[in-house]
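Now for the letters of each chain:
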Amino acid sequence: MSTDTPGIDPLQALRAPRDPACDVFLTGPVFLDIIFTGLDSAPVRGTESWARGMGSSPGGVANMATALARLGLRTSLAAAFGDDHYGEYCWDALEQGEGIDLSMSHTVPGWHSPVTVSMAYEGERTMVSHGHEAPAPTGTSTGALASTGTPASTGAGVPAATSAPAPAFPHCPPRARAAIASLAPGRSEPWVATAARNGAMVFADVGWDETGRWELDALPDLAHCEAFLPNAEEAMRYTRTDCPRAAAHALAERVPLAVVTLGAEGAYAVDGRTGAAAAVPAIEVEALDPTGAGDVFVAGFVTGTLADWPLADRLAFAGLTAALSVQEFGGSLSAPGWAEVAAWWQLIRTCASQDPAALERYAFLDDLLPTTARAWPLRRAVPTIGFRQ
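The text that follows walks through the structure, step by step, so that each part is easy to find. Just so it is clear, the model here is predicted, and its values are computed rather than measured.

### A closer look at the overall build of the protein
- Scanning the protein from terminus to terminus reveals 10 helices and 14 strands.
- In the protein, which comprises 389 residues, the proportion classed as buried is 50%.
- Taking contacts inside the protein between residues at least 6 apart in sequence as the whole, the part at least 24 apart equals 68%.
- Here the protein has roughly 18200 Å² of accessible surface; of this, 52% comes from carbon and sulfur atoms.

In structure tokens, the structure reads:
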């Protein structure tokens, strides 16, 4: 994480004494990601490929949690961590390195951390993953909450064994301004309805429907969502339309906010309450590794929504943060903070070839960013297992 990130709180003007302590709650599996970059082509069977770059970082749901925290949102993550070195590293990187609240998380004795190896080449990526589903916390656990409500520390960033009850999650998520869910056909997560009843705005993405049915009615938790953010292919399949914009309008009949990501063409959103729509083109960048870009986009959109920005500004900011992320390798490693946003904005305004109308799209950043920023590009600290500072 950049140590020079300005202390920007995008919700500062909106905070009140009785607001939830948590801005965003999310849950899911945390992987150890090992990323290889600088490959000239995809690995070929029977040959050895050498990568010019390599790094490691927490992955999976940690990508989005890190992106939210780096944008100044108070983020709470509920996840299982293995009690191996990988789990220790991921816990420490998220709690100590990123300031993410892990009081709802727990460690699982004897369970090894899931691992993903990601190979980036030609603007794409190939991944190989391994892991087993973590058992749910019961009665007592070596990640149980200490009596103070925070994990007791072993010094390595992983909670020590205690006799306190395990967290009540997933049935009792913390009170939060927002929650992020990943929908799957035929599956309902009780915590989503609970979070919505407690006042959280629920933002949801969705994965590929392996059943091939693509039925919105098969996503029961969609009824609790404030915003739904599928990609263009998913949106068109779910709505039986042949145009991403038509798909967004159809989805806006089911959720208050429908956001369809269009890849290199940007994003399109419809406010189902007002009928207002917004389209923002993508920012052209040289992509190093697209891992986690979708998670960063969601984090940027959540930030803008909680800050009550206009819809087009939310889309533009989400697209900008995603574009900045693909220029670095790794999911959570690449998530930009305000320092990266400020440095980009300072640089882009000095480029004579920039279209003034395109620059105007991001003029809202002037009211958010410090007047001075470090020169671009910034050098970000890269956490790697085995190194000590």
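### Notes on the pairing of strand β7 (residues 115–121)
- Summarising burial for β7: six of the seven residues are buried, a large majority.
- Summarising the sheet, strand β2 (residues 30–37) and β7 pair through five bridges and their orientation is parallel. Looking at the pairing, I34 lines up with V117 of β7.
- As defined by bridge partners, β7 adjoins strand β8 (residues 124–130) across seven bridges and the pair is classed as antiparallel. From the neighbouring strand, V115 faces β8, where its bridge partner is H130.

### Topic: the sheet that holds β8
- The strand order β3-β2-β7-β8 describes an open sheet built from four strands, whose pairing is mixed. In this open sheet, the two edge strands, each paired with only one partner strand, are β3 (53–60) and β8. Neighbour to neighbour, the strand axes of the sheet diverge by 20° on average, direction disregarded.
- Relative to the sheet, helix α1 (residues 61–70) contacts β2 and β3, its axis offset from that of β3 by approximately 90°.

### Thoughts on the nonpolar core
- Counting 66 residues, the largest nonpolar core has L77, F301, V302 and L365 as the members making the most contacts within it.
- Sequence-distant contacts of V302, that is, excluding residues within four places in its chain, are made with V24, L68, L73, A178, I180 and F203.
- Of all hydrophobic cores here, the second largest spans 35 residues; its members include A195, V255, V260 and Y268.

### Quick word on the packing of aromatic side chains
- Following the criterion strictly, the structure yields nine aromatic pairs and no others.
- When the centroid spacing of 5.4 Å and the interplanar angle of 80° are considered together, the rings of F25 and W191 count as edge-to-face. Residue F25 is located in strand β1 (residues 22–27), and its partner W191 is located in helix α3 (residues 190–197); the two are separated by 166 residues in the primary sequence.
- For F25, a relative accessible area of 1% gives the class buried.
- Take W191: its relative accessible area is 3%, and that puts it in the buried class.
- Here the aromatic rings of W309 and F317 are separated by 5.2 Å at their centres, their planes lie at 85°, and the arrangement is edge-to-face. The same class applies to W309 as to F317, namely buried.

### Description of the sheet that holds strand β14 (residues 277–280)
- In space, the eight strands of this open sheet follow the order β4-β1-β9-β10-β11-β12-β13-β14, with mixed pairing throughout. Of all the strands in the sheet, just β4 (75–78) and β14 have a single pairing partner and so form its edges.
- In this sheet, strand β13 (residues 267–271) lies alongside strand β12 (residues 257–261) in antiparallel orientation, the contact comprising five bridges. For L257, the partnering residue across the bridge sits in β13 and is D271.
- Its contacts with the sheet place α3 against β1, β9 (176–183) and β10 (201–206), and it is angled at close to 155° to β9.

### Describing helix α2 (residues 85–98)
- Here α2 contains 14 residues, and its C-alpha end-to-end distance of 19 Å stays within 8% of the 20 Å for a straight helix at 1.5 Å per residue.
- Residues of α2 that are buried: G87, Y89, C90, W91, A93, L94 and E98.
- In the core, the buried residues of α2 are packed alongside β2, β3, α1, β4, β5 (80–82) and β6 (106–108).
- Where α2 ends, the next residue or the one after it, G99, has phi of about 75°, a positive value.

### So, empty space enclosed by the protein
- Overall, the coordinates contain one cavity of 30 Å³ or more when judged by the stated rule.
- The calculated volume of the largest cavity comes to roughly 30 Å³.
- In this structure, the largest cavity is lined by V30, F31, L32, A80, F81, G82, Y86, G87, C90, W111, S113 and P114.
- Within the residue set of the lining of the largest cavity, elements represented by two or more residues are β2, β5 and α2.
- Considering only residue class, the lining of the largest cavity consists of nine nonpolar, three polar and no charged.

How each quantity is defined
- Residues numbered from 1 in each chain as written.
- Predicted model: local features only at pLDDT ≥ 70, side-chain atom pairs only at ≥ 80, totals over all residues.
- Heavy atoms only, no water.
- Helix = DSSP H or I, 4+ residues; strand = E, 2+ residues; numbered from the N terminus.
- Buried < 20%, exposed > 50% of the residue type's maximum accessible area, 1.4 Å probe, protein only.
- Contact = heavy atoms within 4.5 Å.
- Areas by Shrake-Rupley, 256 points an atom, 1.4 Å probe, with all protein chains shown as cover.
- Pairing = 2+ DSSP bridges.
- Axes fitted to C-alpha atoms, helices over the stretch in contact; angles between N-to-C directions.
- Core = buried A, V, L, I, M, F, W, Y, C linked by side-chain atoms within 4.5 Å.
- Phe/Tyr/Trp six-rings, centres within 6.5 Å; stacked < 30°, edge-to-face > 60°.
- Expected span 1.5 Å × (residues − 1).
- 1 Å grid on protein atoms, 1.4 Å probe; cavity = no way out; pocket = protein on both sides within 12 Å on 5 of 7 lines; lining within 4 Å.
- Points joined across faces, edges and corners; volume = space filled by probe spheres on them.
- Nonpolar A, V, L, I, M, F, W, Y, C, P; charged D, E, K, R; others polar.

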